[in-house]
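Structural overview
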Amino acid sequence: EFMNEISEFRVLESQIKDKLQLEHVIIVAGNSDNQPSVKQELGKACVQFLSTIITSEQTIAVTGGTSMAEVANQMKPIEHAASCTFVPARGGLGEQVENQANSICAQMAKKGKGNYRMLYVPDPLSEETYHSIIEEPAIKDILELIHDAKIVLHSIGDAFTMAKRRKASEQVLNELRRGNAVSEAFGYYLNEQGEVVYKVRTVGMQLEELEKAQYVVAVAGGTSKVKAIQSYFKQGKSNVLITDEAAAQELLKG
Ligand code: G3H
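Residues numbered from 1 in each chain as written. Predicted model: local features only at pLDDT ≥ 70, side-chain atom pairs only at ≥ 80, totals over all residues. Heavy atoms only, no water.

1. Let's talk about the overall build of the protein
When helices and strands are tallied, the protein shows 10 helices and 11 strands. Computed over C-alpha atoms, the radius of gyration of the protein comes to 17 Å, within 12% of the 18 Å expected from 2.2 N^0.38 for 254 residues, which places it in the range of a compact globule. C-alpha atoms of the protein, sized along the principal axes, occupy 50 × 45 × 30 Å. By the burial criterion, 54% of the 254 residues in the protein qualify as buried. Nonlocal contacts in the protein, meaning residues at least 24 apart in sequence, comprise 73% of its contacts between residues at least 6 apart. For the protein, the exposed surface amounts to about 11,900 Å²; the carbon and sulfur share of it is 47%. (Helix = DSSP H or I, 4+ residues; strand = E, 2+ residues; numbered from the N terminus. Rg over C-alpha atoms; globule rule 2.2 N^0.38 Å. Buried < 20%, exposed > 50% of the residue type's maximum accessible area, 1.4 Å probe, protein only. Contact = heavy atoms within 4.5 Å. Areas by Shrake-Rupley, 256 points an atom, 1.4 Å probe, with all protein chains shown as cover.)

Right, here's the structure in full:
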């Protein structure tokens, strides 16, 4: 059904695909910075895409944030999802509960009629806690699921918007300033060249591991995220981008 739908942005999609070297690009109308309904459309597009790629027994790792929360909101029962499991990609990053990956997973599973597993780790983790927590059998179990996820859904944020929303300490903000952080994804902060300048200490998926996944789907729209999207894709770890028209137009210029 999805594949038959002809996007009015086919040309733009293929231009972005070439520019960022991606496998799939999906563009929805408008600018999610100005209209909340556009974020809903991004969510719908992600759900639709997911329903075309999901197969039985899969693990889907998801991150937090408002874009992912909207994907969860738009989730519909997926035929294959009954045997699939939604897991948070990483431990808590300091978000409010509705924007946490754990909550989003639960919502996706409920609306998609799949299963979910939660990752209970305090955030932020101290060095000491980190080393002992990864040895906990219950944590080890879910970390294995996360590391084997073949589908990853995530968003990309502006570095300082994200750090402030997560109430990062002055020390962390200084580190981000020193590193000229531009983007954030999975709790990693990257500079304009796509180099990691700061990483939130928590368990779960590591940026390097994304290569093992079959589909890494970034959902990020709005012109306020253009620089962040460009920075993130310098790393080139995701192969699908779902964005909006306004961001796409700017991405082409950059
Ligand atoms: O993890 C958060 C994302 O990187 C961006 O969050 O969807 O609320 O803009 P957002």
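And the narrative resumes.
2. Examining the site of the ligand
Neighbouring residues of the ligand: Gly64, Gly65, Thr66, Ser67, Ser155, Ile156, Gly157, Met162, Arg165, Arg166, Glu184 and Lys225. Within the contact set of the ligand, an oxygen atom lies 3.0 Å away from a side-chain nitrogen or oxygen of arginine 166. Its free accessible area being 310 Å², the ligand has 96% of it covered by the protein chains. According to the grid-proximity analysis, the pocket containing the ligand is the second largest pocket. For the shell around the ligand, the secondary structure elements donating two or more residues are helix 3 (66-74) and helix 7 (159-165). Taken together, the residues of the shell around the ligand sort by class into 2 nonpolar, 6 polar and 4 charged. (Near = heavy atom within 4 Å. Polar contact = N/O pair within 3.5 Å; in protein donor to acceptor, adjacent residues only side chain to side chain. 1 Å grid on protein atoms, 1.4 Å probe; cavity = no way out; pocket = protein on both sides within 12 Å on 5 of 7 lines; lining within 4 Å. Sits in = over half its atoms within 2 Å of the grid points. Nonpolar A, V, L, I, M, F, W, Y, C, P; charged D, E, K, R; others polar.)

3. As for the sheet that holds strand 3 (residues 85-88)
Read from one edge of the open sheet, 7 strands run 1-11-10-5-2-3-4, paired in parallel fashion. Each edge of the open sheet carries a strand with a single partner, namely strand 1 (24-28) and strand 4 (115-116). As judged from the 3 bridges shared by strand 10 (residues 215-219) and strand 11 (residues 240-244), these two strands associate in the parallel manner. The residue bridging valine 219 from the neighbouring strand is isoleucine 242, located in strand 11. (Pairing = 2+ DSSP bridges.)

4. With respect to the environment of leucine 252
Relative to the assigned elements, leucine 252 resides in helix 10 (residues 245-253). In sequence terms leucine 252 and leucine 190 are 62 residues apart; their C-alpha atoms lie 21 Å from each other.

5. Concerning the sheet that holds strand 9 (residues 196-199)
Reading across from one edge, 6-7-8-9 is the order of the 4 strands in this open sheet, with antiparallel pairing throughout. Looking at which strands have only one partner, the edges of the open sheet turn out to be strand 6 (157-158) and strand 9.

6. Digging into the side chain of glutamate 95
Within the element layout of this structure, glutamate 95 appears in the loop between strand 3 and helix 4 (101-112). Separated by 2.9 Å, the side chains of glutamate 95 and arginine 165 make a polar contact. Non-local contacts of glutamate 95, meaning those with residues more than four positions away in its chain, are made with Gly65, Gln100, Met162, Arg165 and Arg166.

7. Thoughts on the packing of helix 9 (residues 226-235) against helix 10
The geometry of helix 9 relative to helix 10 is characterised by a closest axis approach of 9 Å and an angle of 60 degrees between their N-to-C directions. Judged by the angle between their axes, helix 9 and helix 10 are oblique. Between helix 9 and helix 10 lies a crossing whose hand is right-handed. From helix 9, Val226, Ile229 and Gln230 reach across to helix 10, where they touch Ala247, Glu250 and Leu251. Tallied by class, the residues present in the contact of helix 9 with helix 10 amount to 4 nonpolar, 1 polar and 1 charged. (Axes fitted to C-alpha atoms, helices over the stretch in contact; angles between N-to-C directions. Parallel < 35°, antiparallel > 145°, perpendicular 65-115°, else oblique. Left-handed = near helix turned anticlockwise from the far one by under 90°.)

8. Digging into the packing of aromatic side chains
Under the criterion given, the structure shown has 3 aromatic pairs. Between phenylalanine 49 and tyrosine 215, the aromatic rings sit 6.0 Å apart at their centres with planes inclined by 80 degrees, giving edge-to-face as the arrangement. Here tyrosine 215 lies in strand 10 and phenylalanine 49 lies in helix 2 (residues 36-53), a separation of 166 residues in the sequence. Note on tyrosine 215: relative accessible area 19%, which makes it buried. (Phe/Tyr/Trp six-rings, centres within 6.5 Å; stacked < 30°, edge-to-face > 60°.)

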